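Now for the letters of each chain:
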Amino acid sequence: MTSTPQPPQGPAPTANAMRRALKRARDGVALDVTESAVLLQARGADLEDLCASAARVRDAGLEAAGRPGVITYSKSVFIPLTRLCRDKCHYCTFATVPGKLRRAGHGMFMSPDEVLAIARRGAELGCKEALITLGDRPEDRWPEARAWLEAAGYDDTIAYVRAISIRILEETGLLPHLNPGAMSWTDFQRLKPVSASMGMMLETTAERLWSEPGGPHYGSPDKEPAVRLRVLEDAGRSSVPFTSGLLIGIGETYEERAESLFALRRVSRAYHGIQELIMQNFRAKPDTAMRGMPDAELDDLVATVAVARHIMGPSACLQAPPNLVAGEYARLIGAGIDDWGGVSPVTPDHVNPERPWPQIDELAEQSAAAGFRLRERLAVYPDFVQRGEPWLDPRVLPHVRALADPESGLANEHAEVKGLPWQEPEDVFVPSGRTELHRAVDTEGRTGDRREDFDEVYGDWEALREAAAPGMVPERIDADVREALRQAADDPTRLTDPQALALLHADGPALDALCRIADDLRRDVVGDDVTYIVTRNINFTNVCYTGCRFCAFAQRRTDADAYTLSLEQVADRAAQAWDVGAVEVCMQGGIHPDLPGTAYFDIARAVKERVPDMHVHAFSPMEIVNGATRTGLSVREWLAAAKEAGLDTIPGTAAEILDDEVRWVLTKGKLPAATWIEVVRTAHELGIRSSSTMMYGHVDQPRHWLGHFRRLVEIQKETGGFTEFVTLPFIHTNAPVYLAGISRPGPTTRDNRAVTAMARLLLHPHITNIQTSWVKLGAEGAAEMLRSGANDLGGTLMEETISRMAGSSYGSYRSVRDLVGIAEAAGRPARARTTLYGEVPAERIAAAAASDGHLPELLPVLED
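Remember, it's a predicted structure, so these values are computed and weren't measured experimentally.

A. Representation of the overall build of the chain. When helices and strands are tallied, the chain shows 35 helices and 18 strands. Taken over C-alpha atoms, the radius of gyration comes to 29 Å for the chain, in line with the 29 Å a tight globule of 864 residues would show. Along the longest, intermediate and shortest principal axes, the C-alpha atoms of the chain span 85 × 60 × 55 Å. Across the 864 residues that make up the chain, the buried fraction comes to 62%. Of all intrachain contacts in the chain linking residues separated by at least 6 positions in sequence, the fraction that spans at least 24 positions is 78%. With the model as given, the accessible surface of the chain reaches about 31600 Å², and the carbon-plus-sulfur share is 50%.

Here you go:
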């Protein structure tokens, strides 16, 4: 028999230390880890003192939430979708092996019929939550699991979870609460449209319990604390109401338990997305490696609940499973819980099958004895029901509202639980918004420089400031700049990272020399011609809830500047662009919550049907992932369908900086760097080429730029799919991250010159076209970049809105004559190009010349 050794606890806290910590708790002073570890050891009268102050904190929170004296529970069914798991937790009896399932007459997964039978029985008895629990990615360990999924037509376990959740919504009306283990950012995007909430226990942040042989999590890849914290953060970034918590008594020290609670607090404060925390006590089970471990004591659980209440604060929702405390309900209520969790009149607790659920009437009696009324809630907590978007997907929101009390956000206990259609919102492309996009969308309606929900929608600014600080610290540069310049002139492909960093920091005469070297290389590689493209930007909607902190373009659907174009209006704009000589439309939009994943196909198809020869350059990697996850298709399948609908190439935007240290400061919910790379690689493999971009000058440093360039080269060596590299200087004026006092006010002229020159050198010979942005830099700035290694000016644009809403003052249109003038200011000739840098047909050149400088009246979104 093996068992986890008892933790190496230090000496008991002194009486003075306990008194000081208790007084700080009573006085409402913020506790630190050391004080919390002391309080976790409170017993007897000290524990009573601790619980009394924790209960006062809880009561203040309930009062503020409008439900004083209320303790909640969720009436649920427990659906163990599969008991196979790739992990090997030493205390778990839930996970099993294929042979045992076969001998018991079970499949590798529950069948849809088995799932729906349980859900229907629950609906008949008034249950409103379907708690779907399963092992982590069993197909990665068990061939039998993969074979079952393939035979059933699913690519992976997450695909089956998504499909069965839709059937539960449609056929029973229960709200899925999903516990599929450690999920990726993309998994959250796939499952959010089919669930009310999700969850995963943190359990502990004590890494030694995972990394050391004999530890309870040893051999379990999904139990690495860093992985589980990343899951919690991705849930917050994805605006998913999320349940987490601790499993106490598995070998952690009191200090480690306190550290785990503070880790949960950091995530909660950063994203405001943790809807509840479960404090669960370890119970040893037969036939497990930890069967010899003692159960966590009730005093230990009570102290942990009380300390968690003090750390998490009055607004947190704390739960302790009532079936694991042998009827000691009053002690848990006294310690500060406000929820009993899911209680089922239909199914057992499959994780703790030896501990039956209490009867709901018994819970009500016990709660009343402690002075509390028992009220039913939904799988998603009241606060998130009332918040609505972006926390609840529009496809799930009608299901939630059908069961919720509109005033409290709790369950409507008299609601009929019945299936409703799970469907895309109707009439997505109804035109809405104000007046003319090209003139007024960013100049009318707003009365301030920030949104009303500025302090909530982007996460916690103070936590963000702390996260940003390390990345903004400049590096010491030891490499010799003169030697680096000699190497750049001789062979830039052999620049070392220290040399490249030295050049990215260059200033004064060294910067001038660097730009000359880059410009000489540009002349040798692509000649003197400055290229440009006659194009029209069509930003088909700016409604978006992703939460990018650098973006002033995104609006809520109710904001004064919000707009959405109809398909006809998109096609009208493309036709108008063709009439004035355009060869391309560049189409991107916000991640509108109502937009179905197939809407992008409709947009591309609408343009091609109206203007068959127009090149459709559209949809960033973020939009592509959004489309794929909403349709249930893989990225590859989605891109293939988009290509068939008329997509020609994609913009390499949404890259910002391909370093998650920076990305998670810049954006709350945008795709991780690895996912951006995956999308771009897949597009290139399908013959869909793309641009590449880098937005810089915010919370980044030159070392981040260098890493970004190196990643682009790796991709280009593999795929050859990038057409150009586009420098995107950060426009700070209206950017939330700047208004919050975190970012720099955009790049300096030195930064712009260094980035442009080093793009030419570091991307050589793989990406040969370097584009500068007149929208962001103006004519003089763009001309300077043409003298620093750039060879392309981008497009005429006609109707650019994203940079203008961010605060750019350089307009939304440049005539061909204007672009030629910028090239001439740099002492160079100019010529038109196609998206793929080919020759422009003479007819297109003539059409552009005929209308140049006097475009027809651009189309309004709606008539005034």
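B. Region of interest: the environment of Leu 793. Topologically, Leu 793 is positioned in strand E17 (residues 792-795). Taking the C-alpha atoms as reference points, Leu 793 and Thr 531, separated by 262 residues in sequence, lie 6.3 Å from one another. With near-sequence residues (within four places) excluded, Leu 793 lies in contact with Val 530, Thr 531, Gln 771, Thr 772, Trp 774, Ala 782, Leu 786, Leu 819, Ile 822 and Ala 823.

C. Quick look at the pattern of salt bridges. Summed over all chains, the structure comprises 58 salt bridges. The closest approach of N and O atoms between Arg 137 and Asp 187, which form a salt bridge, is 2.3 Å. On the criterion of sequence distance, the pair formed by Arg 137 in the loop between strand E2 (129-134) and helix H6 (143-152) and Asp 187 in helix H8 (residues 185-191) is long-range, its members being 50 residues apart. Asp 187 gets classed as buried once you look at its relative accessible area, which sits at 4%. Glu 784 is paired through a salt bridge with Arg 753; the nearest N and O atoms lie 3.4 Å apart. Here the residue Glu 784 occupies a position in helix H32 (residues 774-786), and Arg 753 occupies one in helix H31 (residues 749-762), the gap between them amounting to 31 residues. Judged by relative accessible area, Arg 753 falls into the buried class, the value being 15%. Each of Asp 519, Asp 520, Arg 522, Arg 523 and Asp 528 takes part in one network of salt bridges that share partners.

D. Spatial organisation of the pairing of strand E15 (residues 722-729). Most of E15 is tucked away, with eight of its eight residues classed as buried. Examined bridge by bridge, strand E14 (residues 690-696) and E15 share six bridges and lie parallel to one another. Of the residues in E15, the one forming a bridge with Ser 692 is Phe 725. Traced from E14 through helix H29 (residues 702-719) to E15, the parallel crossover comes out right-handed.

E. Examining the packing of aromatic side chains more closely. The full count for this structure, using the stated rule, is 17 aromatic pairs. When the ring of Phe 709 is compared with that of Phe 725, the centres are 5.4 Å apart and the planes differ by 65 degrees; the resulting orientation is edge-to-face. Here Phe 725 lies in strand E15 and Phe 709 lies in helix H29, a separation of 16 residues in the sequence. With relative accessibility at 0%, the residue Phe 725 sits in the buried group. Taken together, the aromatic side chains of Phe 540, Tyr 600, Phe 601, Phe 619 and Trp 638 make up a single cluster linked through ring pairs.

F. The arrangement of the nonpolar core in detail. Within the largest apolar cluster, 134 residues are counted, with the highest numbers of intra-cluster contacts made by Met 587, Phe 619, Trp 676, Phe 709 and Met 758. In this view, Met 587 contacts Ile 538, Phe 540, Val 570, Ile 603, Ala 604, Val 607, Val 616, His 617, Ala 618 and Phe 619; residues no more than four positions away in its chain are not counted. Formed by 115 residues, the second largest nonpolar core is a distinct cluster that contains Ala 25, Ala 54, Leu 202 and Tyr 254.

G. The arrangement of empty space enclosed by the protein in detail. The full count for this structure, using the stated rule, is eight cavities of 30 Å³ or more. As a volume, the second largest cavity reaches approximately 340 Å³. Residue lining of the second largest cavity: 22 residues in total, with Gln 189, Lys 192, Ser 238, Ile 591 and Arg 630 positioned closest to the centre. Of all the elements in the fold, those that place two or more residues in the lining of the second largest cavity are H8 and helix H25 (621-631). Ranked by the residues each element gives to the lining of the second largest cavity, the list is headed by H25, at five residues. Per-class residue counts for the lining of the second largest cavity are ten nonpolar, seven polar and five charged.

H. Region of the structure containing helix H22 (residues 508-526). Under the 1.5 Å per step criterion, the end-to-end length of H22 is 27 Å for 19 residues, consistent within 8% with the ideal 27 Å. Listed as buried for H22 are Leu 511, Ala 513, Leu 514, Cys 515, Ile 517, Ala 518, Asp 519, Leu 521 and Arg 522. Looking at the packing, one finds that the buried side of H22 touches helix H20 (481-490), helix H21 (497-504), H31 and H32. Positive backbone phi, at 80 degrees, marks Gly 527, one or two positions downstream of H22.

I. Quick peek at the layout of surface pockets. If you add up the space inside the second largest pocket, you get close to 1100 Å³. Taken together, 49 residues form the lining of the second largest pocket, with His 272, Ser 315, Asp 383, Phe 384 and Arg 387 sitting closest to its centre. Sorting the residues of the lining of the second largest pocket by element identifies helix H3 (45-65), helix H11 (254-271), strand E6 (274-281), helix H12 (298-312), strand E9 (373-377), helix H15 (382-387) and helix H18 (454-457) as the ones contributing at least two each. Residues of the lining of the second largest pocket, tallied by class, amount to 19 nonpolar, twelve polar and 18 charged.

So, how was this worked out
- Residues numbered from 1 in each chain as written.
- Predicted model: local features only at pLDDT ≥ 70, side-chain atom pairs only at ≥ 80, totals over all residues.
- Heavy atoms only, no water.
- Helix = DSSP H or I, 4+ residues; strand = E, 2+ residues; numbered from the N terminus.
- Rg over C-alpha atoms; globule rule 2.2 N^0.38 Å.
- Buried < 20%, exposed > 50% of the residue type's maximum accessible area, 1.4 Å probe, protein only.
- Contact = heavy atoms within 4.5 Å.
- Areas by Shrake-Rupley, 256 points an atom, 1.4 Å probe, with all protein chains shown as cover.
- Salt bridge = Lys/Arg side-chain N within 4 Å of Asp/Glu carboxyl O.
- Pairing = 2+ DSSP bridges.
- Right-handed = clockwise from strand over helix to strand, strands pointing away.
- Phe/Tyr/Trp six-rings, centres within 6.5 Å; stacked < 30°, edge-to-face > 60°.
- Core = buried A, V, L, I, M, F, W, Y, C linked by side-chain atoms within 4.5 Å.
- 1 Å grid on protein atoms, 1.4 Å probe; cavity = no way out; pocket = protein on both sides within 12 Å on 5 of 7 lines; lining within 4 Å.
- Points joined across faces, edges and corners; volume = space filled by probe spheres on them.
- Nonpolar A, V, L, I, M, F, W, Y, C, P; charged D, E, K, R; others polar.
- Expected span 1.5 Å × (residues − 1).

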